[in-house]
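Each chain, written out:
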Amino acid sequence: MHRSASRLTRILACAAVPVMLVVAGCSSGSGGGSDADGSSTSPTAQPSATVAPAKFTGLPDACATLGRKTIDSLVPKAKVKGGTAGKSSDITARASCSWNGLDDNGVKGSQYRWLDISLTRYDSDVTLGSGAKRATEYYTKEVAGAKGTEGAKELKATPSSGIGSEATTVTYSLKKTDEDFSYATVVARTENVVVTLTYNGAGYAGAKSPSIADMSKDAVKAAKETVAAVSAGSGQTPATGESSAQESAKAE
């Protein structure tokens, strides 16, 4: 009986050995990092977030985006022909310029015109998105803002082709200083830059105010010129194209 008990003990002890080896093997594999051949491996590195680089790396002088002939046509008697630049803490990201003037024709009345250009540029950011995406969001807000002008009458918003990546023209009339002003605002996006051009005018002393159609036509023409100036004077990232300086050199 004693011999049978001892034999049974030895059998159970031997049977337990492979079980422990199996458990040990599983524990080693779960801590991991070993290939089938026993060589160690490190965890796979996760790729860092990337975002497409912004095309334009700066902004042109807002007051220089329109030629003198254009200013003379849109604001015939501008007080400051070169325009009045708006204040900006970072002119590579935000810039603006405005012109205004009264063309006094004596007994025939007077014509007042006001023109404003605003440029806003966005850089790409891994947490906020590409510059173009951020500019698109701002473009949408600017269009909504123009459409939401308080007191606006005969308001219309129409897409404008041939101006940058996308553009919308918002027109309306607005009563100010007892006169009916005709307004045309063109909001355009070219890659990561948004151009907002506002043009308005009115007739004084019996003179007829300009038609909204004429104001819209002139505003669209000026917006195209401004967008072209942004493309020519803002530079480009090496990944997306040649700089404006390189393009100018080729043109010469």
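Residues numbered from 1 in each chain as written. Predicted model: local features only at pLDDT ≥ 70, side-chain atom pairs only at ≥ 80, totals over all residues. Heavy atoms only, no water.

**Q** I'd like to hear about the state of the cysteines, residue by residue, with values.
**A** For the coordinates displayed, the defined rule picks out one disulfide. A disulfide bridge connects Cys63 with Cys97, and the sulfur atoms are separated by 2.0 Å. Because the torsion about its S-S bond is 100 degrees, the bridge between Cys63 and Cys97 counts as right-handed. Note that Cys63 is positioned in the loop between α1 (2-31) and α2 (68-74) and Cys97 in strand β2 (residues 94-104), a separation of 34 residues in sequence. Given the relative accessible area of 15%, Cys63 is considered buried. (Disulfide = S-S within 2.5 Å. Helix = DSSP H or I, 4+ residues; strand = E, 2+ residues; numbered from the N terminus. Buried < 20%, exposed > 50% of the residue type's maximum accessible area, 1.4 Å probe, protein only.)

**Q** Describe in detail the sheet that holds strand β6 (residues 179-190), supporting the description with residues and values.
**A** Pairing is antiparallel across the open sheet formed by seven strands, whose spatial order is β1-β2-β3-β7-β6-β5-β4. Unpaired on one side and paired on the other, β1 (84-85) and β4 (153-159) mark the two borders of the sheet. Bridge count between β4 and strand β5 (residues 166-176): five bridges; the pairing is antiparallel. Looking at β5, one finds that Lys153 is bridged to Ser173. (Pairing = 2+ DSSP bridges.)

**Q** So what's going on with the pairing of β5? Which residues, and what values?
**A** The buried count for β5 comes to eight of 11 residues, which makes it a mostly enclosed element. Hairpin remark: β4 followed by β5, antiparallel, with six residues in the connecting loop; positive phi at Gly162, about 80 degrees. For β5 and β6, the ladder comprises 11 bridges, and the chain directions are antiparallel. Bridge pairing in β6 places Thr169 opposite Val186.

**Q** Tell me about the packing of aromatic side chains, residues and numbers included.
**A** A complete count under the given rule lists four aromatic pairs for this structure. Between Tyr112 and Phe181 the ring centres are 6.2 Å apart and the planes differ by 70 degrees, which places this aromatic pair in the edge-to-face class. Taken together, the positions of Tyr112 in strand β3 (residues 110-121) and Phe181 in strand β6 put the pair 69 residues apart, joining distant regions of the chain. Taking relative accessible area as the criterion, Phe181 reaches 3% and is therefore assigned buried. (Phe/Tyr/Trp six-rings, centres within 6.5 Å; stacked < 30°, edge-to-face > 60°.)

**Q** Quick rundown of the side chain of Asp116? Include the residues and the values.
**A** By secondary structure assignment, the location of Asp116 is in strand β3. There is no salt bridge for the buried Asp116, and the closest opposite charge comes from Arg94, which lies 11 Å off by N-O distance. Non-local contacts of Asp116, meaning those with residues more than four positions away in its chain, are made with Cys97, Ser98, Thr196, Leu197 and Thr198. (Lys, Arg positive; Asp, Glu negative; His and termini not counted. Salt bridge = Lys/Arg side-chain N within 4 Å of Asp/Glu carboxyl O. Contact = heavy atoms within 4.5 Å.)

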